[in-house]
There are 2 protein chains.
Amino acid sequence: MNSTEDLHARVALTWLTEPGTRLVHRLVGRLGPVATLDLLLDGGAPDETLRTAVAARLHAGDPRAVAAEAVALTDRLGARIIAPPDDEWPAPLGDLEGLVLPGASRKVDRETAPPLCIWVRGGWPLGEVLDRSVAVIGARAATGYGVHVATELGYGLADREWTVVSGGAFGIDAAAHRGALNAGGVTVAVLACGVDRPYPMGNSALFDRIAETGLLISEWLPGAEPLRPRFLIRNRVIAAGTRGSVLVEAAARSGAAQTMHRAIALRRPAMVVPGPVTSALSVGAHELLREYDRTRLVTGLAHVLEEVGRIGADLAPPARGADRPTDVLDDEAAMLRESMPRRGAIGADALAARAGVPVRTALRKLALLEELGLVTRRDDGYALTRPQSSKG
Amino acid sequence: MNSTEDLHARVALTWLTEPGTRLVHRLVGRLGPVATLDLLLDGGAPDETLRTAVAARLHAGDPRAVAAEAVALTDRLGARIIAPPDDEWPAPLGDLEGLVLPGASRKVDRETAPPLCIWVRGGWPLGEVLDRSVAVIGARAATGYGVHVATELGYGLADREWTVVSGGAFGIDAAAHRGALNAGGVTVAVLACGVDRPYPMGNSALFDRIAETGLLISEWLPGAEPLRPRFLIRNRVIAAGTRGSVLVEAAARSGAAQTMHRAIALRRPAMVVPGPVTSALSVGAHELLREYDRTRLVTGLAHVLEEVGRIGADLAPPARGADRPTDVLDDEAAMLRESMPRRGAIGADALAARAGVPVRTALRKLALLEELGLVTRRDDGYALTRPQSSKG
């Protein structure tokens, strides 16, 4: 847990320097948030640009007072602020420390450090929910085709107990969130403004449903405006916080494609749904597939599960020595493991049906998974073995 | 030129053993067609399967008489039979000698030797016409989307003076042929039956137009039936005879996908147009893109020209020593070169417009192309420099 003082300092620094600023993140890592804030407020930022930015922001208010107000407002909203090393903090966001975007000349492509803190509205622990999550993103001006595909993907992923992450925008984002909600699953909207005023207004009924059964999260203080560059800054959290990203529709040079560049640079599965070549809304999708070897064409849920299942296994902490037991899994064993409920147990028959594997095969592979320590046999069926230590 | 005796023997062997039989092709290479025919007719085929096949066929007629009849019928049809080393013979078909399909268990995947001879209906020299050709292939039960894309591609390729090759089938094949015809270009239908009875009957008006302005070709004798395995045998000629193949629509495990496997194995550009993931007619296309690294997603003419232009340059005989001058071309110079008419000259302005390059740039790049010996400046504009020696 963070001390109150640390948390207030993180909030103040977020307001003062905007999320993602690499130098601030490094200073916090070296000096801690309180000393970093003191340093910046004393005009001691070791960089001219940052000093100028801080000085400009100080005209708008006193960072410590702004932070205290934001913390109080967060409480009143029934929201919370999380920061490392909180248990709830999603460890994979740490990968943003090493994110290097090729040819990054714009600020949004350079200032891609992990968030200093995150506002969360909703009941689930963020880290746990993102641990098994897929981003489904795409165009705002989506076509009926794109909306259909995104809804199906959102539904299918949620139905397999994967968290569906998106940006809460019109079009593909909203379709993905809705699909997940319709499946009774968990969905997370990563906002580029305060969690008290999710943007766009037109999706407010959707945001209410998400806040009830999933999560609204943001790196920005309550009340923060959805300024244009913030969407691009926000995208790195979608890319880094999930096991993989699926782009459904995108026009040429879209914001969703930019999220995919981050997923590619982070070596997360970067999946792209193709579309008719006659559609302007698929141009960005096809460009990604043509230009980046690391993108993967996917046509539906099965392909997505194949990608994130594999990498999910890769990312899992080694259970015994250096070799990861999941490395040895064949397709059927991997699919069975992917099909296990996140919580609770499942019977072999039900699991076999869910994974689309014959029951006899399922029993054989379950024995293997048990032997590898990945699955535990219980009175009520098979359950995923809980990792020994939290990743947070 | 082949002697009459050699040609008759090739026709007889084609009838006796079906096109593509590797052993027969090897024997012809070693002994010549006449001695090979003698050997097989004496029951001396060095392979049990071939001996049995020959013996079975002999019940249906005397190969020499069948050949004489076929040659006479070919004359009456106004068609011709070509064979190596005729000038008109398309040299790239020789690549079929080395074609190895991974995991080939079926006969059609093993017996993929070059044709012994080809029937040609139409005025163009086959080798020359195929020297700058692209195959556009796909599903018979094409959707409106696929037909639209194939027609546009056929038109665009023909408009850039590329020959459009396809199989004359309903759906994508017919759309590609029609697009090329509408552009006033050359199109070649590679048939799996005699050139006197192109199949399917429903396309007979199309075949008439192709025979008038393009070519109908076949490895089978006039009168030959379009038996199902023949389509698959035929596909290797489409893949090997062209600079690259574009698949527009294909259901799972289609014949068109099989042609693409041949193009991939021959290391020809294997291009695939994606489609809506909701369409069963794009499943085969997406499978190819997912399963083969060597397939290339293309969304239209520009992408196709990029692929075949590059390889076209690679295949061109070195003009000066070992370095190919085309290796040094940048995108604009390559595009200008690709946009030159195959015959005759073009003004710099018209060429710049065709290539989508500013006129000033075009003039600079044309000077480079001239210096490299790839383009010749004439009184009436710029023309492609004719290669010193024919490849035939």
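Being a predicted model, the structure only gives us computed values, none of them experimental. (Residues numbered from 1 in each chain as written. Chains lettered and ligands numbered in written order. Predicted model: local features only at pLDDT ≥ 70, side-chain atom pairs only at ≥ 80, totals over all residues. Heavy atoms only, no water.)

Enquirer: For this particular structure, what's the right way to read the domain arrangement of chain A?
Expert: Reports of interface size often rely on the accessible area that becomes lost once the parts have come together. All names here are of chain A. Domain assignment breaks chain A into domain 1 (1-65), domain 2 (119-307) and domain 3 (316-384). Taken over C-alpha atoms, the centre of domain 1 sits 30 Å from the centre of domain 2. Contact residues are listed per partner, giving 7 residues for domain 1 and 7 residues for domain 2. At the boundary of domain 1 with domain 2, total buried surface from both sides reaches about 520 Å², with 64% on carbon and sulfur atoms. When residues of domain 1 are sorted by the area they lose upon contact with domain 2, Val11, Glu18 and Pro19 head the list and together hold 64% of the total. (Domains from an automatic or database assignment. Contact = heavy atoms within 4.5 Å. Buried area = accessible area lost by both parts, 1.4 Å probe.)

Enquirer: It is not clear to me how the relation of the copies chain B and chain A should be interpreted in this structure. Could you clarify?
Expert: Two chain copies, one operation linking them: a rotation about an axis together with a shift along it. Rotating chain B by 180 degrees about the axis while translating it 0.2 Å along that axis superimposes it on chain A, leaving an RMSD of 0.4 Å. Interpreted geometrically, this transformation is the action of a two-fold axis. Interface overlap between copies is the fraction of interface residues in one copy that are interface residues in the other; for chain B against chain A it reaches 100%, indicating a shared surface. (Least-squares fit on C-alpha atoms with pLDDT ≥ 70 in both.)

Enquirer: What should I look at first to understand the sheet that holds strand 6 (residues 215-218) of chain B in this one?
Expert: Residues and elements named next belong to chain B. Spatial ordering of the open sheet is given by 1-2-6-5-4-3-7-8-9, a layout of 9 strands whose pairing is mixed. Unpaired on one side and paired on the other, strand 1 (80-82) and strand 9 (295-297) mark the two borders of the sheet. Recorded for the sheet is a direction-independent mean angle of 30 degrees between the axes of neighbouring strands. Strand direction decides the pairing type here: strand 4 (residues 163-166) and strand 5 (residues 187-191), joined by 3 bridges, are parallel. Across the sheet, the residue bridging to Val165 is Val188, located in strand 5. (Pairing = 2+ DSSP bridges. Helix = DSSP H or I, 4+ residues; strand = E, 2+ residues; numbered from the N terminus. Axes fitted to C-alpha atoms, helices over the stretch in contact; angles between N-to-C directions.)

Enquirer: Help me understand the sheet that holds strand 9 (residues 295-297) of chain A in this model?
Expert: All names here are of chain A. Taken in spatial order, the 9 strands line up as 1-2-6-5-4-3-7-8-9 in an open sheet, and their pairing is mixed. Sheet topology places strand 1 (80-82) and strand 9 at the edges, where each strand pairs with a single neighbour. If you compare each strand with its neighbour and ignore which way they point, the axes differ by 30 degrees on average. Taken together, the 3 bridges between strand 2 (residues 118-121) and strand 6 (residues 215-218) define a ladder with antiparallel strand orientation. Across the sheet, Arg121 pairs through a bridge with Leu216, a residue of strand 6.

Enquirer: Got a minute to help me understand the pattern of salt bridges in this structure?
Expert: A side chain with one charge may pair with a side chain of the opposite charge, provided their charged atoms come close. The tally for this structure, following the rule as stated, stands at 30 salt bridges over all chains. A salt bridge links B:Glu306 to A:Arg290; the shortest N-O distance between them is 3.3 Å. Of this pair, B:Glu306 sits in helix 14 (residues 301-315) while A:Arg290 is found in helix 13 (residues 283-291), placing the two residues in two different chains. Overall, the relative accessible area of 37% leaves B:Glu306 in the partly exposed class. A salt bridge links B:Arg106 to B:Asp109, with the nearest nitrogen and oxygen atoms 3.4 Å apart. (Salt bridge = Lys/Arg side-chain N within 4 Å of Asp/Glu carboxyl O. Buried < 20%, exposed > 50% of the residue type's maximum accessible area, 1.4 Å probe, protein only.)

Enquirer: Would you mind going over the confidence of the model for chain A with me for this structure?
Expert: Residue and element names in this part refer to chain A. Of all residues in chain A, 92% have pLDDT values of 70 or greater, and the mean over the chain is 90. Below pLDDT 50 for its whole length, residues 312-324 participates in 12 contacts with residues either more than four positions away or in separate chains. The model gives residues 388-392 a pLDDT under 50, and that stretch makes 6 contacts with residues more than four places away or in other chains. (pLDDT = per-residue confidence, 0-100.)

Enquirer: I keep staring at unusual backbone geometry and nothing clicks. Help me out?
Expert: Leaving glycine out, the prevailing phi sign among residues is negative, and the prevailing peptide bond configuration is trans. B:Pro84 connects to B:Pro85 through a cis peptide bond whose omega is 5 degrees. Cis geometry marks the peptide bond from B:Tyr199 to B:Pro200, where omega comes out at 0 degrees. For B:Pro200, the position within the fold is in the loop between strand 5 and helix 10 (204-213). Its identity is not glycine, yet A:Arg253 carries a phi of approximately 50 degrees, on the positive side. Along the chain, the position of A:Arg253 falls in the loop between strand 7 (245-247) and helix 12 (255-265). Even without being a glycine, B:Arg267 presents a positive backbone phi close to 60 degrees. The topology assignment puts B:Arg267 in the loop between helix 12 (255-265) and strand 8 (270-272).

Enquirer: In this structure, what is going on with the packing of aromatic side chains? I would like to understand it.
Expert: The description of an aromatic ring pair rests on the distance of the ring centres and on the angle between the ring planes. All chains considered together, the criterion is met by 2 aromatic pairs over all chains. Seen from the ring of A:Trp15, A:Arg57 lies directly overhead, with NZ or CZ sitting 5.0 Å from the centre. (Phe/Tyr/Trp six-rings, centres within 6.5 Å; stacked < 30°, edge-to-face > 60°. Lys NZ or Arg CZ within 6 Å of the ring centre and 35° of its normal.)

Enquirer: Would you explain the environment of B:Val147 in this entry?
Expert: Residue and element names in this part refer to chain B. Turning to its location among the elements, Val147 is positioned in helix 8 (residues 144-159). Judged by its relative accessible area of 31%, Val147 is partly exposed. Between the alpha carbons of Val147 and Glu291 there is a distance of 25 Å; along the sequence they are 144 residues apart. Sequence-distant contacts of Val147, defined by excluding residues within four places in its chain, comprise Ala142, Ile172 and Ala175.

Enquirer: Mind showing me how you'd approach the environment of A:Leu153 here?
Expert: All names here are of chain A. Relative to the helices and strands, Leu153 resides in helix 8 (residues 144-159). Residues Leu153 and Val248, spaced 95 residues apart in sequence, show a C-alpha to C-alpha distance of 9.5 Å. When sequence neighbours within four positions are dropped, the list of residues in contact with Leu153 reads Val246, Val248, Val273, Gly300, Leu301 and Val304.

Enquirer: What's the story with the packing of helix 2 (residues 22-31) of chain A against helix 3 (residues 33-41) of chain A in this structure? I'm lost.
Expert: Residue and element names in this part refer to chain A. For the pair helix 2 and helix 3, interaxial distance at closest approach is 7 Å and the crossing angle is 125 degrees. The angle between helix 2 and helix 3 falls in the class oblique. Seen along the crossing, helix 2 lies across helix 3 with a hand that is right-handed. Contacts from Val24, Leu27, Val28 and Leu31 of helix 2 reach helix 3 at Pro33, Ala35, Thr36, Leu39 and Leu40. A class-by-class count of the residues in the contact of helix 2 with helix 3 yields 8 nonpolar, 1 polar and no charged. (Parallel < 35°, antiparallel > 145°, perpendicular 65-115°, else oblique. Left-handed = near helix turned anticlockwise from the far one by under 90°. Nonpolar A, V, L, I, M, F, W, Y, C, P; charged D, E, K, R; others polar.)

Enquirer: When you look at the packing of helix 8 of chain A against helix 9 (residues 172-182) of chain A in this model, what are you seeing that I'm missing?
Expert: Geometrically, a packed helix pair is captured by the angle between its two axes and the distance between the axes. Residue and element names in this part refer to chain A. It is at 7 Å that the axes of helix 8 and helix 9 come closest, and there the two elements cross at 35 degrees. In the crossing of helix 8 with helix 9, the sense of the turn from one axis to the other is right-handed. Contacts between helix 8 and helix 9 involve Gly146, Val147, Ala150, Thr151, Gly154, Tyr155 and Ala158 on the former and, on the latter, Ile172, Ala175, Ala176, Gly179, Ala180 and Asn182. Of the residues contributing to the contact of helix 8 with helix 9, the split by class is 8 nonpolar, 5 polar and no charged.

Enquirer: Where do I start with the interface of chain B and chain A in this structure?
Expert: Every contact between the two is made by 18 residues of chain B and, on the other side, 18 residues of chain A. Ranking the residues of chain B by area buried against chain A places B:Val277, B:Arg290 and B:Leu297 at the top, with a combined share of 45%. On inspection of chain B and its partner chain A, the count reaches 2 salt bridges. The tally of links between chain B and chain A comes to 10 residue pairs in polar contact (both at pLDDT 80 or more). Of all elements in the fold, only helix 8, helix 13 (283-291), strand 9 and helix 14 of chain B reach the threshold of two or more residues within the side of chain B that touches chain A. (Polar contact = N/O pair within 3.5 Å; in protein donor to acceptor, adjacent residues only side chain to side chain.)

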